[in-house]
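What the coordinates show
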Amino acid sequence: MLMSPCLRTVCVIVALSLSIISSQGQQKRTLTIYAATSLTDAFEELAAAFLENRPETDIVLNFASSSKLAAQLLAGAPADIFASANSSQMDLVVADGRISAGAVQSFAANRLALIAPADNPAEISGIEDLGSKRLLLVLAVTGTPIRDYTNAMFHSHNDEYGDDFANRALGNLVSEESNVRLVVARIALGEADAGIVYQTDVTDEVRDDVIRFPIADRHNQIASYPVAVLADTALPELSEAFIVFLRSADGQAILGSFGFCPPPREADEATAETSQDRFIKDETEVATCEGLEAEG
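Right, let's walk through the structure included here. (Residues numbered from 1 in each chain as written. Predicted model: local features only at pLDDT ≥ 70, side-chain atom pairs only at ≥ 80, totals over all residues. Heavy atoms only, no water.)

1. Details of the pattern of salt bridges
- All told, the structure shown has twelve salt bridges when counted by the stated rule.
- Notably, a salt bridge pairs arginine 218 with glutamate 160, separated by 3.2 Å at the nearest N-O pair. Taken together, the residues arginine 218 in the loop between strand 9 (210–213) and strand 10 (223–229) and glutamate 160 in helix 7 (residues 158–161) connect sequence positions 58 residues apart.
- A salt bridge links glutamate 191 to arginine 186; the shortest N-O distance between them is 2.7 Å.
- A residue is classified by how much of its surface remains accessible, and glutamate 191, at 42% relative accessible area, is partly exposed.
- Taken together, the salt bridges that share partners define one network made up of Asp41, Arg181 and Asp201. (Salt bridge = Lys/Arg side-chain N within 4 Å of Asp/Glu carboxyl O. Helix = DSSP H or I, 4+ residues; strand = E, 2+ residues; numbered from the N terminus. Buried < 20%, exposed > 50% of the residue type's maximum accessible area, 1.4 Å probe, protein only.)

Quick look at the structure:
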């Protein structure tokens, strides 16, 4: 029995509609994560592990300094998750309403490290030399979390090396980089004598090109990393699943393999500072983030 032209047209339209619906159902969901530069290597591996059993999902990672990422989010850039290197930048996004304060959780911690080129032309032996020698110092730009931690660390040494130690150290500053990985690159290339980075930035790729020196626990700063789902995400369940994975034993093991420490314990609510990072000096708190073995 032959179909009428009209019936054939109807069948074609139905078939095309079913094809489009099926195609839409098979489209991958794309999770967009804004993450601090210091998280680059760890988050690339975390993303790969998270996607292993999720063939229907893709992840787009946007790495930059936390201050730059916060500025992008404040300007309305679309994203699902924001992972910052300090609470100050996270607080700005919360205050803007793009993230709910109750959604913010800590997931990792980090420490500072002093690095120099492998041949150590300035003959640096420790932090004290930054305030007692004429040398070329490279730091991340003012306003980034790593720079805030660095400034606090320098001022912490004033009691030990003189009230003006921080000013003397900063007097050697010759370059400010937009993110911490660029600081590492300048030192690895021998373009400066010293830099302050996170301990996790001394990766296998640069380990032979730099030398790392210890920063005493009483002066070092614990960088606490907060993460949160954006309030306007189109993928709330998938975003929450990634954060659950990030804070799980498997996620923490991956972070630990890149030198990150477990998140600092929560402060007592009666004494917690709600909008500023706490530079932790208590020895028991420092012990939650042991440094990598120093090479200097």
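2. Some words on the layout of surface pockets
- One number sums up the size of the second largest pocket: a volume of about 210 Å³.
- What lines the second largest pocket is a set of 18 residues, among which Thr203, Asp204, Arg207, Ser257 and Phe258 lie closest to the centre.
- Here the lining of the second largest pocket takes three residues from helix 2 (residues 40–51), the largest share from any one element.
- In the lining of the second largest pocket, the residues fall into six nonpolar, seven polar and five charged. (1 Å grid on protein atoms, 1.4 Å probe; cavity = no way out; pocket = protein on both sides within 12 Å on 5 of 7 lines; lining within 4 Å. Points joined across faces, edges and corners; volume = space filled by probe spheres on them. Nonpolar A, V, L, I, M, F, W, Y, C, P; charged D, E, K, R; others polar.)

3. Here's the deal with the side chain of glutamine 89
- You can see glutamine 89 is positioned in helix 4 (residues 87–96).
- Assessed through its relative accessible area of 9%, glutamine 89 is described here as buried.
- Excluding residues that lie within four positions of it along the chain, glutamine 89 makes contacts with Ser66, Ser67, Ala70, Phe82, Ser84, Gly143 and Pro145. (Contact = heavy atoms within 4.5 Å.)

4. Focus on the sheet that holds strand 6 (residues 137–140)
- Strand order across the open sheet formed by five strands is 7-6-8-5-9, with mixed pairing between neighbours. Single-partner strands in this sheet number two, and they are strand 7 (173–177) and strand 9. The mean angle between the axes of side-by-side strands here comes to 30 degrees, regardless of whether they run parallel or antiparallel.
- Contacts from helix 6 (residues 145–156) reach strand 5 (112–117), strand 6, strand 7 and strand 8 (194–198), with the element oriented near 115 degrees to strand 8.
- Contacts between helix 9 (residues 180–188) and the sheet are confined to strand 5, strand 6, strand 7, strand 8 and strand 9, with strand 8 contributing the most and set at about 140 degrees to the helix. (Pairing = 2+ DSSP bridges. Axes fitted to C-alpha atoms, helices over the stretch in contact; angles between N-to-C directions.)

5. Let's talk about the packing of aromatic side chains
- For the coordinates displayed, the defined rule picks out ten aromatic pairs.
- Relative to phenylalanine 107, the ring of phenylalanine 43 has its centre 5.9 Å away and its plane inclined at 55 degrees; by these criteria the two rings are tilted. Of the two residues, phenylalanine 43 sits in helix 2 while phenylalanine 107 sits in strand 4 (residues 105–110), which places them 64 residues apart along the sequence.
- Both rings, one in tyrosine 149 and one in tyrosine 198, keep their centres 6.4 Å apart while their planes meet at 65 degrees; by these two values the pair is edge-to-face. In this pair, tyrosine 149 is assigned in helix 6 and tyrosine 198 in strand 8, connecting sequence segments 49 residues apart.
- A residue is classified by how much of its surface remains accessible, and tyrosine 149, at 2% relative accessible area, is buried.
- Above the ring of phenylalanine 50, the side-chain terminus of arginine 54 is found at 3.9 Å from the ring centroid. (Phe/Tyr/Trp six-rings, centres within 6.5 Å; stacked < 30°, edge-to-face > 60°. Lys NZ or Arg CZ within 6 Å of the ring centre and 35° of its normal.)

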